[in-house]
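An overview of the molecular structure
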Amino acid sequence: MKDDYLWDPKSEPEPGESDVQHLERLLSRYRANAEARPEFLEAAWNESKPRGTLFGQAWFGGWRVQLAFAAVVLFIFAGGWLALRLPGGATETWQVARLEGAPQVGSQVVGEKFHLRPGQVLETDSLSSARIDVGEIGEVEVGPDSRVRLVEAQRGSGTLGLDQGTIRAVIWAPPRKFFVQTPAANTVDLGCAYTLHVGPDGNGWIRVTMGWVAFERDGKESFVPVDAMCLIHKGAGPGTPYYEDATQALRGA
């Protein structure tokens, strides 16, 4: 068979019936002899036209395509909303309010409302104090002569850094959602209230007034129960918890 006939039926085929001619003869009964009607061509053209525009671009297809596209858009927006609302989904700011004096964040004096962002530092002098709303999980009072950093803030969890001074924290979140970094060790909230102090030398102590607090450093842990205290030492980590009515000999041991 000549290859030309395969692509051009007007060319001359080889003598005898080829496979292509045999197939043509079998399908000849379904051949349309009439030319396409103009109204059919016009209807086909109108069906292929864009149905509308979306954001300046052609929007093709019938109502099923449009409905599917709308569902995808809705899914994207819903996913973004959930990412912002669920715990850990997005970075937040924590609100700070002045209690006394003139606490500062950088060169800005904190008034009745200030939004503290991760990386910013809150400082108080000897005459000032402030309150930090820890998202929706608690609050922290910052005492005089303190320096507090917001390390991380997410919905339902967060981390502060206490470089120096005193804070009083009340946290009602589930355990291990709130942390405070100090030069000696890291405090891990286990659902509690406590006072934490860090001196200029990096050493300090914690007093738990409700629940439990864990101190952690380099794999070393110390769990402090309610009404107990624990000393922390820069370079050595947390000590052994003790009750304040314990004898000096017991504390030393």
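Residues numbered from 1 in each chain as written. Predicted model: local features only at pLDDT ≥ 70, side-chain atom pairs only at ≥ 80, totals over all residues. Heavy atoms only, no water.

Regarding the pattern of salt bridges
Filter applied, for reference: The term salt bridge refers to a side-chain nitrogen of Lys or Arg lying within 4 Å of a carboxyl oxygen of Asp or Glu. In DSSP terms, a helix is any run of H or I states spanning at least four residues, a strand is any run of E spanning at least two, and both are numbered starting from the N terminus. Partly exposed residues are those whose accessible area sits between 20% and 50% of the maximum for their type, while under 20% is buried and over 50% is exposed, using a 1.4 Å probe and protein chains only.
Tallying each qualifying case throughout the model produces ten salt bridges. In this structure, Arg-149 and Asp-163 form a salt bridge, with 3.0 Å as the shortest nitrogen-oxygen distance. Of this pair, Arg-149 sits in strand β10 (residues 147–154) while Asp-163 sits in strand β11 (residues 157–171), and the two are 14 residues apart along the sequence. Here Asp-163 falls in the partly exposed class, since its relative accessible area comes to 25%. Residue Glu-244 pairs with Arg-207 through a salt bridge whose shortest N-O separation is 2.8 Å. In this pair, Glu-244 is assigned in the loop between β20 (242–243) and α5 (248–252) and Arg-207 in strand β15 (residues 204–210), connecting sequence segments 37 residues apart. The exposure class assigned to Glu-244 is partly exposed, which follows from its relative accessible area of 38%. Classification of Arg-207 by relative accessible area gives partly exposed; the value is 27%. Several salt bridges share partner residues, and in doing so they unite Glu-123, Arg-147, Arg-149 and Asp-163 into one network.

Considering unusual backbone geometry
The residue Arg-176 is not glycine, and still its phi comes out positive at about 60 degrees. With respect to the secondary-structure elements, Arg-176 resides in the loop between β11 and β12 (178–181). In this structure Arg-176 comes out as partly exposed when scored by relative accessible area, which is 40%. Backbone geometry places Asp-218, a non-glycine residue, at a positive phi of 50 degrees.

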